[in-house]
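Residues per chain are reported as follows:
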Amino acid sequence: MQFDPFAGTGDSLVAPAKHVFTITPDALEDLPMATKALYIGSGGDLVMRAVDSEEDVTFANVAAGTILPIRVRAIRTSSTAANFVGLA
């Protein structure tokens, strides 16, 4: 087992992610877990909903390799960006 000197520390929004997961956009459904940040693998428009928002918004022309510090609850299929990874 790998030694983790930070295993006993608490998590926060500014702490590095402890969990990462691939995100498949969906037209209606929310993600199984909210993110603390979002990685964009392939650039384009990102259509998403934040955890405390009631409507979708579009981030136009997000560059590939961008990490957005946004707590995301949903990414929509109308996004032209792709290869999303959630950081939690």
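Report on the accompanying structure. On a predicted model such as this, the values are computed, not experimentally measured, just so you know. (Residues numbered from 1 in each chain as written. Predicted model: local features only at pLDDT ≥ 70, side-chain atom pairs only at ≥ 80, totals over all residues. Heavy atoms only, no water.)

### Quick look at the overall build of the protein chain
Inference 1: Per the secondary structure count, the protein chain includes zero helices and seven strands.
Inference 2: Principal axes of the C-alpha set define a box for the protein chain whose edges measure 40 × 25 × 20 Å.
Inference 3: Sorting the 88 residues of the protein chain into buried and exposed places 31% on the buried side.
Inference 4: In the protein chain, of all internal contacts separated by at least 6 residues, the share reaching a separation of at least 24 is 66%.
Inference 5: Carbon and sulfur atoms form 57% of the exposed surface of the protein chain, whose accessible area is close to 5,600 Å². (Helix = DSSP H or I, 4+ residues; strand = E, 2+ residues; numbered from the N terminus. Buried < 20%, exposed > 50% of the residue type's maximum accessible area, 1.4 Å probe, protein only. Contact = heavy atoms within 4.5 Å. Areas by Shrake-Rupley, 256 points an atom, 1.4 Å probe, with all protein chains shown as cover.)

### Quick word on the environment of N83
Inference 1: When you line up the elements, N83 lands in strand β7 (residues 82-87).
Inference 2: With 29 residues separating them in the primary sequence, N83 and E54 have C-alpha atoms 24 Å apart.
Inference 3: With near-sequence residues (within four places) excluded, N83 lies in contact with Y39, I40, G41 and S42.
Inference 4: Within the structure, N83 has its side chain in polar contact with the side chain of S42 (distance 2.6 Å). (Polar contact = N/O pair within 3.5 Å; in protein donor to acceptor, adjacent residues only side chain to side chain.)

### Here we look at the sheet that holds strand β4 (residues 57-62)
Strands pair in a sheet through their backbones, by hydrogen bonds, and they do so in one of two ways: parallel or antiparallel.
Inference 1: Across the sheet, three strands lie side by side as β4-β3-β6; this open sheet has antiparallel pairing. Edge positions in the open sheet fall to β4 and β6 (72-75), since each of these has one partner strand only. Across the sheet, the axes of successive neighbouring strands diverge by a mean angle of 40°, strand direction being ignored. (Pairing = 2+ DSSP bridges. Axes fitted to C-alpha atoms, helices over the stretch in contact; angles between N-to-C directions.)

### Thoughts on the side chain of R76
Inference 1: With respect to the helices and strands, the residue R76 is situated in the loop between β6 and β7.
Inference 2: Relative accessible area serves as the criterion here: at 6%, R76 is assigned to the buried category.
Inference 3: A polar side-chain atom of R76 sits 3.4 Å from the main-chain carbonyl oxygen of L28.
Inference 4: Every residue in contact with R76, bar those within four places of it in the chain, is listed here: P25, D26, A27, L28, E29, D30, V47, R49 and D56.

### Some words on the pairing of strand β2 (residues 37-42)
Inference 1: Here β2 runs beside β7; their pairing, made up of five bridges, is antiparallel. By the bridge assignment, S42 is partnered in β7 with A82.
Inference 2: Summarising the sheet, β2 and strand β5 (residues 67-68) pair through two bridges and their orientation is antiparallel. Bridging from a neighbouring strand, Y39 pairs with I67 of β5.

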